[in-house]
Amino acid sequence: VQLQAFGGGLVQAGGFLKLSCAVSGLTFNSASVAWFRQAPGKDREFVAAIRRSGGSTYYGDSVKGRFTISRDNAKKTVHLQMNSLKPEDTAIYYCAASTRVILSNLYNPNAFGYWGQGTLVTVSS
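Below: a short report on this structure. Owing to the predicted nature of the structure, the values given are computational and were not obtained by experimental measurement. (Residues numbered from 1 in each chain as written. Predicted model: local features only at pLDDT ≥ 70, side-chain atom pairs only at ≥ 80, totals over all residues. Heavy atoms only, no water.)

## Quick look at the overall build of the protein
Along the backbone of the protein there are 0 helices and 11 strands. The C-alpha atoms of the protein give a radius of gyration of 13 Å, which matches the 14 Å a tight globule of 125 residues would have. Projected onto the principal axes, the alpha-carbon positions of the protein cover approximately 40 × 25 × 25 Å. Here the protein holds 125 residues, and the buried ones make up 44% of them. Counted over contacts in the protein with a minimum sequence separation of 6, partners at least 24 positions apart contribute 58%. Split by element, the accessible area of the protein, about 6,300 Å² in all, is 47% carbon and sulfur. Counting 13 positive and 6 negative side-chain charges, the protein places the centres of these two groups 9 Å from one another. (Helix = DSSP H or I, 4+ residues; strand = E, 2+ residues; numbered from the N terminus. Rg over C-alpha atoms; globule rule 2.2 N^0.38 Å. Buried < 20%, exposed > 50% of the residue type's maximum accessible area, 1.4 Å probe, protein only. Contact = heavy atoms within 4.5 Å. Areas by Shrake-Rupley, 256 points an atom, 1.4 Å probe, with all protein chains shown as cover. Lys, Arg positive; Asp, Glu negative; His and termini not counted. Charge placed at Lys NZ, Arg CZ, Asp CG, Glu CD.)

Here it is in structure tokens:
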């Protein structure tokens, strides 16, 4: 199983970026996919998730209304559109996948068995 995250970069506050996570090696339609982020000296934080069945979406409180997660089942890719970026959004962003995670554990990084390598997002003030 491989997850490849890309799309990070440097952007000014108020700007936008779109991250993508390409998934291979597992039945994509059966996988829930999430984005987590980790800033220096901080714990890994839940950002957003999209479930396998029905594609329901969930967001961390700090990104609600600014970020949108979506999936393209044909391309086996999950996107994270990030708008109105703030300096506090600066972090390494990781995508993660699981075919077993239940709804109550979507926010828990330990519930995901497959991880991408991370992509750095830097938001300047």
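## What to know about the pattern of salt bridges
Within the structure shown, the criterion is met by 4 salt bridges. Arg-37 is the partner of Asp-89 in a salt bridge, and the nearest nitrogen-oxygen pair spans 2.8 Å. Residue Asp-89 is found in the loop between strand E8 (77-82) and strand E9 (91-98), and its partner Arg-37 is found in strand E4 (residues 32-38); the two are separated by 52 residues along the sequence. You can call Asp-89 buried: its relative accessible area is 0%. The salt bridge partner of Arg-66 is Asp-89, with a shortest N-O separation of 2.7 Å. Placement of the pair is Arg-66 in the loop between strand E6 (57-59) and strand E7 (67-72) and Asp-89 in the loop between E8 and E9, with a sequence separation of 23 residues. For the pair shown, Arg-66 and Asp-89 are each scored as buried. Several salt bridges converge on common partners, so that one network encompasses Arg-37, Glu-45, Arg-66 and Asp-89. (Salt bridge = Lys/Arg side-chain N within 4 Å of Asp/Glu carboxyl O.)

## Considering the state of the cysteines
The tally for this structure, following the rule as stated, stands at 1 disulfide. There is a disulfide in this structure between Cys-21 and Cys-95, and the S-S distance comes to 2.2 Å. Between Cys-21 and Cys-95 the sulfur-sulfur dihedral comes to about 70°; the bridge is accordingly right-handed. Linking Cys-21 in strand E3 (residues 17-24) with Cys-95 in strand E9, this pair joins segments that are 74 residues apart in sequence. Using a relative accessible area of 0% as the deciding quantity, one classes Cys-21 as buried. (Disulfide = S-S within 2.5 Å.)

## Regarding the nonpolar core
Formed by 30 residues in total, the largest nonpolar core has its most connected members in Trp-35, Val-47, Phe-67, Ile-69, Leu-80, Met-82 and Tyr-93. The set of elements that each furnish at least two residues to this core consists of strand E1 (2-6), E3, E4, strand E5 (45-50), E7, E8, E9 and strand E11 (119-124). Look past the residues within four positions of Ile-69 in its chain and what remains in contact with it is Val-33, Trp-35, Ala-48, Ala-49, Ile-50, Thr-57, Tyr-59, Val-78, His-79 and Leu-80. By size, the runner-up hydrophobic cluster in this structure holds 9 residues, among which are Phe-46, Ala-96, Val-101 and Leu-106. (Core = buried A, V, L, I, M, F, W, Y, C linked by side-chain atoms within 4.5 Å.)

## Concerning the side chain of Arg-51
Structurally, Arg-51 can be placed in the loop between E5 and E6. No salt bridge forms around the buried Arg-51; measuring N to O, its nearest opposite-charge neighbour Asp-61 is 17 Å away. Look past the residues within four positions of Arg-51 in its chain and what remains in contact with it is Ala-31, Ser-32, Ser-56, Tyr-58, Arg-71, Val-101, Leu-103 and Leu-106.

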